[in-house]
Amino acid sequence: MRKRVAAAAAAMGVSVVLAGCGGPSGTAEPVASSDAGYGTRTVTDCTGTTATFTAAPTRAAAVTTSVVEFLLTLGLKDRIVGMQAQAPGAFPADLATMAESIPRLGGTYVPGNFVPVQREQLLSANPDFVVGGWPSNFDSTKGALSQAELTERGLNSYFAFAASCARTAPVTDLSVVYQDIENYGTIFDVEEEAAALVTRMKDTVARVRERTKDAPRPKVFSYSWEDGGGKAYAVGNQNLSNAIIGQAGGKNVFDDVAAVYGEVSWEQVAARNPDVIVIEVFGKATQAEFDAVVAKAKTFFTTDPALKNVTAVKNQAFVPVLAETYYLGGVRNAEAVEKLATVLHPAAFPQ
């Protein structure tokens, strides 16, 4: 089984990357704003912050790039007055085209290090709603304004569950992603579009689980060269990647680490002996740039003496993935589950 996995990883690694850059099916048509029948709606976010709406926002500012993917897919482009700078290639082609005209609120994108939007940049967009997903987005000492400060200014905010939400339990499915989508549906009065998107994603995952339910679960180690730079770390069970690996019929080798990320050594990675190594790469402007990062990571894994006996290294079982589809909540998470499953269980997904 390990040799079949390795062969599939070698054969499909590039196609996994390219497919990850495709657009999500069923992107909604632009939604016109209407307060008719809206009423009063209350939504509670990851931090426990409760926001009450009496009308759908018309000037949303997205201070985390990944949340824009949801809003664009739900047909809300015309409701977005500003967004954080995003990585080239981070969005599917159709969404990238839609996002081109949205003003950027943050500084220049740096791979793996999104510069927080500053308060002057945020306020200059005159938003009526602020949505983000990283602590730095709402840290008034490093970036824009805290959620409490936004509330004082009469502005509702939402800290997403599916980006960098502090967790107390393992993430084993895509529930946090679905929760965000449903909440955006409630806030923007696009419940039908949100429900349809969740249904499509659930159907994709269900098909994968049905095909892989009786198969052995290959051991998977995930690593981002751009984040790690050669230093070992564990993707813990509170990371969304843990859910994607599990839903794809694999086993995260560090699923016993109760954290989003944990500190480990390469000796510990070797001792857990993964069958497959997922190489996470942030979006790039070209495939050549993407491939260059993959090549650096592969060179490291294949030349480090501590890793020479690891099954994935010996079998060259490396699977490149677009990081924005894999460890961040987004509309392509279900597709990421399916693509990883085709590598882990090639017999269940004949070409």
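Residues numbered from 1 in each chain as written. Predicted model: local features only at pLDDT ≥ 70, side-chain atom pairs only at ≥ 80, totals over all residues. Heavy atoms only, no water.

Asks: Please explain the nonpolar core as it appears in this structure.
Replies: One broad rule of soluble globular proteins: the nonpolar side chains tend to lie buried together. In this structure, Leu122, Tyr184 and Phe301 are the most contacted members of the largest nonpolar core, which totals 111 residues. Both domains that meet at this core, namely domain 1 (41–160) and domain 2 (198–346), each give it at least three residues. In this structure Leu122 touches Ala61, Val63, Leu105, Val117, Pro127, Val130, Ala144, Leu145 and Leu150, once residues within four positions along its chain are discounted. (Core = buried A, V, L, I, M, F, W, Y, C linked by side-chain atoms within 4.5 Å. Buried < 20%, exposed > 50% of the residue type's maximum accessible area, 1.4 Å probe, protein only. Domains from an automatic or database assignment. Contact = heavy atoms within 4.5 Å.)

Asks: Sorry if this is basic, but what is going on with the sheet that holds strand 4 (residues 80–83) here?
Replies: Working definition: the strands of a sheet are paired by backbone hydrogen bonds and lie parallel or antiparallel to each other. Spatial ordering of the open sheet is given by 4-3-5-6, a layout of 4 strands whose pairing is parallel. Whereas interior strands pair on both sides, the edge strands pair on one side only; in this sheet they are strand 4 and strand 6 (156–159). The sheet shows a mean angle of 15° between the axes of neighbouring strands, direction not considered. Where strand 3 (residues 60–62) and strand 4 come together, 3 bridges link them in parallel fashion. Paired with Ala62 across the two strands is Met83, which belongs to strand 4. Sitting on the sheet, helix 2 (residues 65–73) is in contact with strand 3, strand 4 and strand 5 (129–132), with an inclination near 155° to strand 4. Each of strand 3, strand 5 and strand 6 is contacted by helix 6 (residues 175–188), which is oriented at about 165° to strand 6, the strand it contacts most. (Pairing = 2+ DSSP bridges. Helix = DSSP H or I, 4+ residues; strand = E, 2+ residues; numbered from the N terminus. Axes fitted to C-alpha atoms, helices over the stretch in contact; angles between N-to-C directions.)

Asks: Sorry if this is basic, but what is going on with the packing of aromatic side chains here?
Replies: The geometry of an aromatic ring pair is captured by the separation of the ring centres together with the interplanar angle, meaning the angle of the planes. Counted according to the given criterion, the structure contains 19 aromatic pairs. In this structure an aromatic cluster arises from ring pairing among Phe221, Tyr223, Trp225, Tyr233, Phe254, Tyr261, Trp266, Phe300, Phe301 and Phe318. Cation over ring: Arg41 sits above Tyr38, and NZ or CZ is 4.1 Å from the ring centre. (Phe/Tyr/Trp six-rings, centres within 6.5 Å; stacked < 30°, edge-to-face > 60°. Lys NZ or Arg CZ within 6 Å of the ring centre and 35° of its normal.)

Asks: Honestly, the state of the cysteines in this entry has me stumped. Any pointers?
Replies: In a disulfide, the sulfur atoms of two cysteines are held together by a covalent bond. Within this structure, the stated rule accounts for 1 disulfide. Two residues share a disulfide in this structure: Cys46 and Cys165, whose sulfurs sit 2.1 Å from each other. Judged by the torsion about the S-S bond (100°), the Cys46/Cys165 disulfide is right-handed. Placement of the pair is Cys46 in the loop between strand 1 (41–44) and strand 2 (50–53) and Cys165 in the loop between strand 6 and helix 6, with a sequence separation of 119 residues. In this structure Cys46 comes out as buried when scored by relative accessible area, which is 17%. (Disulfide = S-S within 2.5 Å.)

Interpretation in functional terms is not warranted from these geometric data alone.
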